[in-house]
Amino acid sequence: MANKPQIRTSSSALIAMIADEDTITGFLLAGVGNVDLRRKTNYLIVDSKTTVKQIEDAFKEFTTREDIAVVLISQYVANMIRFLVDSYNKPIPAILEIPSKDHPYDPAHDSVLSRVKYLFSTESVASGRR
């Protein structure tokens, strides 16, 4: 248990978001947004002008910040950087793929769901491992 990652308790942990404008706006209206003293936000609005490099940089930044506990990313955006999302294996911050208004959720592309399916595959259940 000594190596278990801990979320800082001296201040509240944040939820970061990488998604389209409508999704981000909804979460901002719910109070999820944050801007720190250095004018850094906890979200990236992805539109037609956003490059894959910008999305990659935001993902890397959010997954290395100590004040972020969860990263919400629209599934269609996650598909643009699938190699990064699939290779991410730390428990904190947790990565959660969410649907957006214009792009429905596809469970076949969800990295978390595919890991769960692997863990509970017929081979592991048949051998008695859980």
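Predicted model only: the values in this text are computed from it and were never measured.

S.K.: Explain a nonpolar patch on the surface to me, please; I cannot follow it from the model alone.
M.R.: A cluster of nonpolar side chains, namely Val112, Val116, Tyr118, Leu119 and Phe120, defines an oily patch on the protein surface of about 530 Å² accessible area. Structurally, the position occupied by tyrosine 118 is in helix α5 (residues 111-119).

S.K.: Got a minute to help me understand the sheet that holds strand β3 (residues 68-74) in this structure?
M.R.: Working definition: the strands of a sheet are paired by backbone hydrogen bonds and lie parallel or antiparallel to each other. Read across the open sheet, the 4 strands follow the order β2-β1-β3-β4; overall the sheet is parallel. Only two strands of the sheet have a single partner each, and these edge strands are β2 (43-45) and β4 (94-98). With direction set aside, neighbouring strand axes in the sheet form an average angle of 20°. Lying on the sheet, helix α1 (residues 21-29) is in contact with β1 (14-19), β2, β3 and β4; it crosses β1 at an angle near 160°. Together, β1, β2, β3 and β4 form the strand contacts of helix α2 (residues 52-64), whose direction differs from that of β1 by roughly 170°.

S.K.: Could you clarify how one ought to interpret the pattern of salt bridges in this entry?
M.R.: Should the charged atoms of two oppositely charged side chains come close, the side chains can pair. Inspection of the entire model under this criterion finds 8 salt bridges. For aspartate 67, the salt bridge goes to arginine 65, with nearest N and O atoms at 3.0 Å. Two residues, arginine 82 and glutamate 97, come together in a salt bridge whose shortest N-O distance is 2.8 Å. With arginine 82 in helix α4 (residues 82-87) and glutamate 97 in strand β4, the pair connects residues that are 15 residues apart, well separated along the chain. Linked by salt bridges that have partners in common, Lys40, Glu61, Arg65 and Asp67 make up one network.

How each quantity is defined
- Residues numbered from 1 in each chain as written.
- Predicted model: local features only at pLDDT ≥ 70, side-chain atom pairs only at ≥ 80, totals over all residues.
- Heavy atoms only, no water.
- Patch = residues over 30% accessible without salt bridge, like charges linked within 9 Å, V, L, I, M, F, W, Y side chains within 5 Å.
- Areas by Shrake-Rupley, 256 points an atom, 1.4 Å probe, with all protein chains shown as cover.
- Salt bridge = Lys/Arg side-chain N within 4 Å of Asp/Glu carboxyl O.
- Helix = DSSP H or I, 4+ residues; strand = E, 2+ residues; numbered from the N terminus.
- Pairing = 2+ DSSP bridges.
- Axes fitted to C-alpha atoms, helices over the stretch in contact; angles between N-to-C directions.
- Contact = heavy atoms within 4.5 Å.

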